[in-house]
There are 2 protein chains.
Amino acid sequence: MKISVLGEGMHCRSCHDCTARGFAICAALDKAELRELAQLSRHVRFESGATVFAQANIATSFFSVHAGTLRLYKLLPDSRRQIVGFALPGDFLGLPGLPHHEFSADAVGRVTLCQFPKESFATFAEKRPQLLRRMVELAGHELARAQEHMVLLGRRSAEEKIATFLISWRDRLSGIGRGGEILPLPMKRLDIADHLGLTIETVSRTFSKLERDGVIQTFASGVVLLDAPRAEALSAGVS
Amino acid sequence: MKISVLGEGMHCRSCHDCTARGFAICAALDKAELRELAQLSRHVRFESGATVFAQANIATSFFSVHAGTLRLYKLLPDSRRQIVGFALPGDFLGLPGLPHHEFSADAVGRVTLCQFPKESFATFAEKRPQLLRRMVELAGHELARAQEHMVLLGRRSAEEKIATFLISWRDRLSGIGRGGEILPLPMKRLDIADHLGLTIETVSRTFSKLERDGVIQTFASGVVLLDAPRAEALSAGVS
DNA sequence: TCCGGCGATTGATCTGCATCAACAACATCT
DNA sequence: AGATGTTGTTGATGCAGATCAATCGCCGGA
């Protein structure tokens, strides 16, 4: 894997017509505040596979995803990997109150982010209950997702895991206005495996099975849910 | 299982000498605020096994754990269960921004809680950045724990799961001043199994193995870590 | 056009944990 | 003391998914 970190800075033209605004923390701010926050931030871009930050490093910035997908993962010393989630436009990366990064993040395909220096962001947020409330809210959603994922990892079969992943990925995308007939899967099989607590082989076999059963149709860049109700039933844990 | 819900109210004598203060959200408040918050809250008690709230019900209150242990869990329709965590004194239950409870909570042994009506707590918090920051912080810690648990569920062996559970339980207890030679385990084997994504039999066998290997010694009410370094190594994922 | 590498798929076999089953250790009630 | 329920332990067996291994399709570079 190439680890070409090239976070090249360029000033945010305007947060005004930002496509991720509305989902992001920025939604909690008025125009004046938005302009002030833009002063603190800079836009950065990462190419496919590049590492944005690494687990256990000291966190000096927060990020808000502008475009693209990131994989967030933790490694064990023997290199077993668990992908704890994928970040999409609007997601906030970084936890106030924890000095180190709790996980590593790298780009799945090209990614652009808003970067905020931790210090100045904290001072900015300190006096703005609206923003803080929004952050509590986002953290809450994140936590709920994490708990749902624990159920998946601890108590579901391979087939249920894949079905659940597809359904929740579809729902997340449509939540940010990216719904569509074909469900894009920018991440590789290995990423899916490490997200669901499986191996690549099992992921592949399960995709094949779902395709044989007429639940999905696979393409190079994603899948189509031919039988969404069936997938939803598997995801719900029925049958 | 008996579901005897008897949350009997009684007014909080004083938050001043509360044993959970210092860990809880209350730590962010000064004396005057503390008194004001106490006005909103009431103390409630639940007997062993009682349900404090149930998944998918509308959340009308927040809680702060005062004493005892709770199990927080999600159920699948076919009654598979995943315990997403155990709550201890100082833990905050409830997520602003989500109308329903995301999981069920019931008492492991006798439990006492501070209960806050959601509405009035929200109004109280709205103007207090300190409190909001504390909540972001708590949510962040919770999220970090959840992510660590995903690694456990997705990528660790039964033996590593048990060792990791014991170590992190020990650390949580000592974090709230409950450290000691003997590590109390108020929850049952089935709870541990449903927390770690295992069956009771595997939990029992693994405890037996760790005891045979001289890593732990089991008692009715808990375990002693005879060889903590060995347990920590298993937990770290080495060996 | 051929070659090499990467990702995905498929097959054969192995194994860690689940499942099924019996029993032991206690506590509570009659 | 005996009956009954609850929790935990241990053994025998089965299976879902891991592991090992081969092959295929595709893309980019020589």
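Residues numbered from 1 in each chain as written. Chains lettered and ligands numbered in written order. Predicted model: local features only at pLDDT ≥ 70, side-chain atom pairs only at ≥ 80, totals over all residues. Heavy atoms only, no water.

## Quick look at the sheet that holds strand β9 (residues 216-219) of chain B
All names here are of chain B.
Link 1 in the chain: With antiparallel pairing, the three strands of this open sheet are ordered in space as β8-β10-β9. Two strands bound the open sheet, and with one partner strand each, they are β8 (182-184) and β9. Adjacent strand axes in the sheet meet at a mean angle of 30° when their direction is disregarded.
Link 2 in the chain: Relative to strand β10 (residues 222-225), β8 runs antiparallel, the two being bridged by three bridges. Of the residues in β10, the one forming a bridge with L183 is V223.
Link 3 in the chain: Sitting on the sheet, helix α4 (residues 158-175) touches β8, β9 and β10, and the angle it makes with β8 is about 90°. (Pairing = 2+ DSSP bridges. Helix = DSSP H or I, 4+ residues; strand = E, 2+ residues; numbered from the N terminus. Axes fitted to C-alpha atoms, helices over the stretch in contact; angles between N-to-C directions. Contact = heavy atoms within 4.5 Å.)

## Observations regarding the packing of aromatic side chains
Residue and element names in this part refer to chain B.
Link 1 in the chain: The tally for this structure, following the rule as stated, stands at 18 aromatic pairs over all chains.
Link 2 in the chain: Seen from their ring centres, F165 and W169 are 6.2 Å apart, and the 25° between their planes marks the pair as stacked. In this pair, F165 and W169 are both assigned in helix α4, four residues apart and thus about one turn of the helix distant.
Link 3 in the chain: According to the relative accessible area criterion, W169 is buried, its value standing at 3%. (Phe/Tyr/Trp six-rings, centres within 6.5 Å; stacked < 30°, edge-to-face > 60°. Buried < 20%, exposed > 50% of the residue type's maximum accessible area, 1.4 Å probe, protein only.)

## Description of the interface of chain A and chain B
Link 1 in the chain: Contacts between chain A and chain B engage 46 residues on the former and 46 residues on the latter.
Link 2 in the chain: Summed over both sides, the interface of chain A with chain B buries roughly 4,100 Å², with 68% coming from carbon and sulfur.
Link 3 in the chain: When the buried surface of chain A facing chain B is broken down by residue, V136, M150 and R155 of chain A rank first, second and third, together holding 18% of it.
Link 4 in the chain: At the boundary of chain A with chain B, the tally comes to eight salt bridges.
Link 5 in the chain: Put simply, chain A and chain B have 16 residue pairs in polar contact (both at pLDDT 80 or more) between them.
Link 6 in the chain: Looking at the side of chain A that touches chain B, the elements that each hand over two or more residues are β4 (81-87), α3 (129-155) and α5 (189-196) of chain A. (Buried area = accessible area lost by both parts, 1.4 Å probe. Salt bridge = Lys/Arg side-chain N within 4 Å of Asp/Glu carboxyl O. Polar contact = N/O pair within 3.5 Å; in protein donor to acceptor, adjacent residues only side chain to side chain.)

## Observations regarding the relation of the copies chain A and chain B
Link 1 in the chain: You can overlay chain A on chain B at an RMSD of 0.0 Å; the transform is a turn of 180° with a shift of 0.0 Å along its axis. Accordingly, the operation relating the two chain copies is best matched by a two-fold axis.
Link 2 in the chain: When you check the interface residues of chain A against chain B, 100% turn up at the interface there too, and the contact is symmetric in its surfaces. (Least-squares fit on C-alpha atoms with pLDDT ≥ 70 in both.)

## Topic: the pattern of salt bridges
Link 1 in the chain: Under the counting rule described, the total for this entry stands at 40 salt bridges over all chains.
Link 2 in the chain: A salt bridge links D106 of chain A to R71 of chain A; its shortest N-O distance comes to 2.6 Å. With D106 of chain A in strand β6 (residues 104-117) and R71 of chain A in strand β3 (residues 61-75), the pair connects residues that are 35 residues apart, well separated along the chain.
Link 3 in the chain: Assessed through its relative accessible area of 1%, D106 of chain A is described here as buried.
Link 4 in the chain: What makes R71 of chain A buried here is its relative accessible area of 8%.
Link 5 in the chain: A salt bridge links E232 of chain B to R170 of chain B; the shortest N-O distance between them is 3.0 Å. In this pair, E232 of chain B sits in helix α7 (residues 228-236) while R170 of chain B sits in helix α4, placing the two residues 62 residues apart along the sequence.
Link 6 in the chain: You can call E232 of chain B partly exposed: its relative accessible area is 34%.
Link 7 in the chain: Taking relative accessible area as the criterion, R170 of chain B reaches 25% and is therefore assigned partly exposed.
Link 8 in the chain: Several salt bridges converge on common partners, so that one network encompasses R71, R81, D106, D191 and D194 of chain A together with R155 of chain B.

## Things to note about the protein's contact with DNA strand D
Link 1 in the chain: Within the structure, DNA strand D sits among 14 residues, and A158 and T202 of chain A together with S204, R205 and S208 of chain B are positioned closest to it.
Link 2 in the chain: Of all DNA strand D atoms lying within 4 Å of any protein atom, the proportion belonging to sugar or phosphate reaches 59%.
Link 3 in the chain: Separating a phosphate oxygen of DNA strand D from a side-chain N or O atom of T202 of chain A is a distance of 2.4 Å.
Link 4 in the chain: At 2.8 Å, a side-chain N or O of S204 of chain B approaches a phosphate oxygen of DNA strand D.
Link 5 in the chain: Looking at the surface near DNA strand D, the element that brings in the most residues is helix α6 (residues 200-212) of chain B, giving four residues.
Link 6 in the chain: Split by residue class, the surface near DNA strand D holds two nonpolar, six polar and six charged. (Near = heavy atom within 4 Å. Nonpolar A, V, L, I, M, F, W, Y, C, P; charged D, E, K, R; others polar.)

## A short note on the pairing of strand β7 (residues 104-117) of chain B
Residue and element names in this part refer to chain B.
Link 1 in the chain: Counting buried positions along β7 gives eleven out of 14 residues, so the element sits mostly inside the fold.
Link 2 in the chain: One ladder, built from five bridges, connects strand β2 (residues 42-46) with β7; its direction is antiparallel. If you follow F46 over to β7, its bridge partner there is V111.
Link 3 in the chain: Of the pairings in the sheet, the one linking strand β3 (residues 51-53) to β7 comprises two bridges and is antiparallel in character. Note that in β7 the partner of T51 across the bridge is D106.
Link 4 in the chain: Bridge analysis of strand β4 (residues 61-75) against β7 gives eleven bridges, and the strand direction is antiparallel. In the sheet register, S61 faces β7, and the bridge partner there is P117.

In short, shape yes, function no, at least from these values alone.
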